Amino acid sequence: MRSIKLLPVVALLAAGGLVAAPAQAAESEVGPAAAGYYTGQAHGISATVELPLLGPIVVAPQPNTGEIETSQSLATDVDCTAEVSAIVLDAAVLCPSVVVDAAAGTSVAKTTIEEVSLNLLGVPAIVVEDLTATAASSCDGATGDVDLTLRVGDEVILVDDPNLSIEIPGGEIVVNRQVPAAEGTGIEVTAVVVKLEGLADIEIGHAESAVHYCS
């Protein structure tokens, strides 16, 4: 994982990454490779924060498509959530989706969020705007992509690679976290992860997808 210390920079974030699929046998003039089944999930925000005197604040993943598993084409029908608020965080207009196109052999999970603000004790204010996190998988491979504007205190952070670690007092922010799916050909993408040791674990903008048993 690449890491940086917080430095003055001004730019918008636009980053992507690639997880390669196992090599497929060469074919000519044929359609996309078929998968036995497809999986995916997307959610807006989740958090566990320990507050002195008040105890833990727990925000379950929301809004949430739930875990999708299908061998046929499918599009989730989950309403956007207008607002999520929990003392130290406020989020607006969170929309998750998963779309499976069996004919094309793809599973695409996506989360969009208009704005999130975090106000954690001892940490500069963290603001995320215009977030889109996408995880797209097929038998040819899996790609992750994150677009957003991220501000930490007075700084706007530029990111050009997945898995960027930014040091903050007592912890770190990981931007555009991408890891291979645990099973099948796929990827898990989380736009922003904020961790404070023993105090906070917050995930903003999560999408994951995979295809299984490619032929």
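Values in this document were obtained by computation on a predicted structure and should not be read as measured data. The residue count restarts for each chain, going from 1 along the sequence in the order it is written. Residue-level local features of this predicted model are given only where pLDDT is at least 70; pairs of side-chain atoms are given and counted only at 80 or more, and the full residue set underlies all totals for whole chains, interfaces and linings. For side-chain calculations, the full set of non-hydrogen atoms in the structure is used, while hydrogens and water are omitted.

Colleague: Residue-level account of the side chain of glutamine 178, with values.
Modeller: By the criteria applied, helices consist of DSSP H or I runs no shorter than four residues and strands consist of E runs no shorter than two, each listed in order from the N terminus. Positionally, glutamine 178 belongs in strand 14 (residues 171-180). Relative accessible area decides the class of each residue, using a 1.4 Å probe on protein chains only: under 20% of the type maximum gives buried, over 50% gives exposed, and in between gives partly exposed. Among the residues examined, glutamine 178 registers a relative accessible area of 10% and is labelled buried. Under the rule applied, a polar contact is a pair of N or O atoms within 3.5 Å (in protein, one hydrogen donor and one hydrogen acceptor; residues adjacent in sequence only if both atoms are side-chain atoms). Side-chain polar atoms of glutamine 178 contact the backbone oxygen of glycine 144, separated by 3.3 Å. Among the polar contacts listed, one links the side chain of glutamine 178 to the side chain of asparagine 176, at a separation of 2.9 Å.

Colleague: Please give an account of the packing of aromatic side chains that cites residues and values.
Modeller: Centre distance within 6.5 Å is the pairing criterion for rings of Phe, Tyr and Trp, where only the six-membered ring of Trp is used; planes under 30 degrees apart are then read as stacked, over 60 as edge-to-face, and the remainder as tilted. One pass over the structure, following the stated rule, counts one aromatic pair. Considering the side-chain rings of tyrosine 37 and tyrosine 213, the 6.0 Å spacing of their centres and the 50 degrees angle between planes classify their relative orientation as tilted. One end of the pair, tyrosine 37, is in strand 3 (residues 37-51); the other, tyrosine 213, is in the segment after strand 16 (200-212), and 176 residues separate them in sequence. Judged by relative accessible area, tyrosine 37 falls into the partly exposed class, the value being 21%.

Colleague: Outline the layout of surface pockets, listing residues and values.
Modeller: Of the pockets and cavities examined, the largest pocket occupies roughly 250 Å³. In this analysis, the protein atoms alone were mapped onto a 1 Å grid. Cavities are point sets where a 1.4 Å probe fits without being able to get out; pockets are open sets with protein on both sides within 12 Å along at least five of seven lines; lining residues have an atom within 4 Å of a point. Along its surface, the largest pocket is lined by 16 residues, and Thr39, Gly40, Glu208, Ala210 and His212 are the ones closest to its centre. At the level of elements, strand 3, strand 5 (68-70), strand 15 (185-196) and strand 16 are the ones that each hand at least two residues to the lining of the largest pocket. Residue composition of the lining of the largest pocket, grouped by class: six nonpolar, five polar and five charged. Grid points are joined across faces, edges and corners, and a volume is the space filled by probe spheres set on the points. Each residue gets one of three labels, nonpolar for Ala, Val, Leu, Ile, Met, Phe, Trp, Tyr, Cys and Pro, charged for Asp, Glu, Lys and Arg, and polar for the others, Gly among them.

Colleague: Break down the pairing of strand 13 (residues 164-168) for me, citing the residues and quoting the values.
Modeller: Here strand 13 lies mainly inside the structure; four of its five residues are buried. Whether two strands pair depends on DSSP finding at least two bridges between them. Summarising the sheet, strand 13 and strand 14 pair through five bridges and their orientation is antiparallel. What sits directly across from isoleucine 166, in strand 14, is isoleucine 173. Taking the residues that link successive antiparallel strands as the turn, the strand 13-strand 14 hairpin has two residues, and the phi of glycine 170 there is positive, at about 80 degrees.

Colleague: An account of a nonpolar patch on the surface is requested, with residue identities and associated values reported.
Modeller: Each patch is built from residues lacking any salt bridge and having more than 30% relative accessible area; the joining distance is 9 Å for like charges and 5 Å for nonpolar side chains (Val, Leu, Ile, Met, Phe, Trp, Tyr). Throughout, the Shrake-Rupley method with a 1.4 Å probe supplies accessible areas, and for residues the shown protein chains are the sole cover considered. Here a salt bridge means any side-chain nitrogen of Lys or Arg lying within 4 Å of a carboxyl oxygen belonging to Asp or Glu. A contiguous nonpolar surface patch, about 430 Å² in accessible area, is contributed by Leu53, Leu54 and Ile87. On the secondary structure map, isoleucine 87 appears in the loop between strand 7 (81-85) and strand 8 (89-101). Judged by its relative accessible area of 66%, isoleucine 87 falls in the exposed class.

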